[in-house]
Amino acid sequence: FGALWILVILFLVKRIRLAIALNKVAAQFLAYNPHILLVPIVQAIVAIVWVSFWLFCAAFLLSQVPADYTPTGSFATYQEAYGTANTCAFWESSDECGGTPGACNGQWPTGSVW
């Protein structure tokens, strides 16, 4: 197993030298431009501020929904929660076509039952 490892190292000598040279150039770049290390820190701070702003906006929107707007109880049947489906096609409109909305989708915006 050791001989195979040495053989692999010998075949990869050029790539190893290239990697060492690349690391030397990268180290020189960091020595001449140390402020570049601040880039990921600034990106992390901006990301945290962005997510915090969106969390605040989502919490604000959720706080505007009244407590009695959505039902919190359980339902015995699917029809009680969802209601009855509309029996007509979407282009037909008459009083006979209307289904009965359920407790979960009787208000705007009409959602789905899950």
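The structure this text deals with has already been given above.
Definitions and limits used
- Chains are numbered independently. Their residues run from 1 in the order of the written sequence.
- Local features in this predicted model are restricted to residues of pLDDT 70 or higher, and side-chain atom pairs are both shown and tallied only at a pLDDT of 80 or more, whereas totals for entire chains, interfaces and linings draw on every residue.
- Side-chain measures here rest on the full set of heavy atoms in the structure, leaving out hydrogens and waters.
- Runs of E in the DSSP output that reach at least two residues are strands. Runs of H or I that reach at least four are helices, and both are numbered from the N terminus.
- Note on classification: 1.4 Å probe, protein chains only; a residue is buried when its accessible area is under 20% of the maximum for its type, exposed when over 50%, partly exposed between these limits.
- Contacts are assigned to residue pairs that have any heavy atoms within 4.5 Å of one another.
- Every accessible area reported is derived by Shrake-Rupley at a probe size of 1.4 Å, with residue values counting cover from the shown protein chains alone.
- Exposure above 30% relative accessible area and the lack of any salt bridge qualify a residue for a patch; like charges then connect within 9 Å, and the nonpolar side chains Val, Leu, Ile, Met, Phe, Trp and Tyr within 5 Å.
- By definition here, a salt bridge exists when the distance from a side-chain nitrogen of Lys or Arg to a carboxyl oxygen of Asp or Glu is within 4 Å.
- Helix span, expected: 1.5 Å multiplied by one less than the number of residues in the helix.

A. Summary view of the overall build of the chain. The number of helices and strands found in the chain is 4 helices and 0 strands. When the helices and strands of the chain are read in sequence order from the N terminus, they spell out α-α-α-α. Taking all 114 residues of the chain together, the buried fraction comes to 4%. Look at the contacts in the chain between residues 6 or more apart in sequence, and 28% of them connect residues 24 or more apart. For the chain, the accessible area works out to roughly 10500 Å², and carbon and sulfur atoms hold 70% of it.

B. A nonpolar patch on the surface, seen in detail. Taken together, the side chains of Phe1, Leu4, Trp5, Leu7, Val8, Ile9, Phe11, Leu12, Ile16 and Ile20 present a nonpolar region at the surface, about 1100 Å² in accessible area. Elements with a minimum of two residues in the nonpolar patch: α1 (2-11) and α2 (13-32). With respect to the helices, strands and loops of the structure, Leu7 is situated in helix α1. Judged by its relative accessible area of 42%, Leu7 is partly exposed.

C. A look at α2. The end-to-end C-alpha distance of α2, which contains 20 residues, comes to 29 Å, matching closely the 28 Å that a straight helix rising 1.5 Å per residue would cover. Across the 20 residues that make up α2, only a small minority, 0, are buried.

D. Spotlight on the environment of Thr84. Mapped onto the elements, Thr84 comes out in the segment after α4 (78-82). Note on Thr84: relative accessible area 37%, which makes it partly exposed. As a C-alpha pair, Thr84 and Thr100 span 16 residues in sequence and 5.1 Å in three-dimensional space. Among residues more than four places away in sequence, those in contact with Thr84 are Gly99 and Thr100.

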